[in-house]
Structures are given as C-alpha cells and as structure tokens.
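Listed below are the residues making up each chain.
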Amino acid sequence: EQANEVAHKNLDLQRQLDVMTKKSEKEKKQADEMFQKNTDMQTQLDAMAQTAENEKRRANDLAREYDELTSCTWQDQTTQCLGLFLLGTVKDADACKGACCKMDRDQCSTWQYDKNLGCFVGNPNSCDGDYGHWTGGQRL
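Thresholds, definitions, all that
- Residues numbered from 1 in each chain as written.
- Predicted model: local features only at pLDDT ≥ 70, side-chain atom pairs only at ≥ 80, totals over all residues.
- Heavy atoms only, no water.
- Core = buried A, V, L, I, M, F, W, Y, C linked by side-chain atoms within 4.5 Å.
- Buried < 20%, exposed > 50% of the residue type's maximum accessible area, 1.4 Å probe, protein only.
- Helix = DSSP H or I, 4+ residues; strand = E, 2+ residues; numbered from the N terminus.
- Contact = heavy atoms within 4.5 Å.
- Disulfide = S-S within 2.5 Å.
- Pairing = 2+ DSSP bridges.

Caption draft 1: Structural view of the nonpolar core. Core analysis: the biggest nonpolar cluster contains 15 residues, and Leu-87, Cys-96, Trp-111, Cys-119 and Val-121 have the highest contact counts within it. Of all elements in the fold, only α2 (93-102), β4 (110-114) and β5 (118-122) reach the threshold of two or more residues within this core. Top contributing element to this core by residue count: α2, with 5 residues. What Cys-96 contacts, discounting residues up to four positions off in sequence, is Val-90, Trp-111, Gln-112, Tyr-113, Cys-119, Phe-120 and Val-121.

Put into structure tokens, the structure is as follows:
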C-alpha cells in the first residue's frame, strides 16, 4: 500500500510538472513574441527617427536656400544709372531697396532713390550719369 501511495504521489507530481512545463513553454512563447514585437517597434522607431532627421536636414537646407534667395547684399551705387524703371509708390530709400530685393535678381540688380525723383529699379544700361542725389545699390 505504501508503494501504491508513492506511485500515486509520483503520478501527481508528474502531472504538476507537465502542467508547469506547458505553462512555462506558453510563457516563453509569449515572451519571444513580445520580444519580436519590441524589436519590430524599435526598428520602426529607428526608421522614423532617421526620416525625421532627414526631414529636419531638408528643412534646414530649404531655409538656407530661401535666405540666400531673399536676402540681398549691396554695393553702394551713388552715380545715376540709366535704364531703370520708376516705382511710383515707393516713398523712401529703405522701401526702394526692399522692393528691389523682393524681385528676382534678373529683374532687379540695381536700385536707386532720390528724394525729389523717387525710386528706380531694374537692370541698368549704364551707371555714369551725374543728375540727382542718389542713394542706391547694386547686388553683389
């Protein structure tokens, strides 16, 4: 009878061990799946971070290009230039310079302002006139 009891206990222990083994295998499978999902998500995050970095670089490049296109550097031009056109609505030298700067370089390479004559912009034929008291500039 004692041998029967021991055999019965062994059988119960074996069943418990089988249940625990199956549970452990199931948990290991879940852990492996979670690890794989985590790895996949990390890969996606890395790709998104790289895309964001590339977009940031591109935005900076575009901002730099925009600044180069919209900023103007001028060399003083105080002798009268011929071949420019009058901008009648412009009332001071800063506005005249700004108006020229907003135009494409091929539309306005030179601006000139005289308080009595107004604002003239464009691409001059020559800049050797001596009429007026000009404030102005040529794009560099």
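Caption draft 2: Seen up close, the state of the cysteines. Considering all chains together, one arrives at 4 disulfides under this definition. Each sulfur in the disulfide pair Cys-81 and Cys-127 lies 2.0 Å from the other. Measuring handedness by torsion sign, the sulfur bridge of Cys-81 and Cys-127 sits at about 105 degrees and is right-handed. With Cys-81 in strand β2 (residues 80-82) and Cys-127 in strand β6 (residues 126-129), the pair connects residues that are 46 residues apart, well separated along the chain. For Cys-127, a relative accessible area of 22% corresponds to the partly exposed category. Through a disulfide, Cys-100 is tied to Cys-108; the S-S separation comes to 1.8 Å.

Caption draft 3: Structural view of the pairing of strand β7 (residues 135-139). Pairing geometry for strand β1 (residues 74-76) and β7, over 3 bridges, is antiparallel. For Trp-74, the partnering residue across the bridge sits in β7 and is Arg-139. Sheet topology places β4 next to β7; 4 bridges connect them, and they run antiparallel. When the sheet's bridge partners are listed, Trp-111 is paired in β7 with Gly-137.

Caption draft 4: Region of the structure containing the pairing of β4. For β4, the buried fraction is high: 5 of the 5 residues fall into the buried class. The pairing of β4 with β5 spans 5 bridges and is antiparallel. Residue pairing in the sheet places Asp-114 in a bridge with Gly-118 of β5.

Nothing here speaks to function; it is all geometry.
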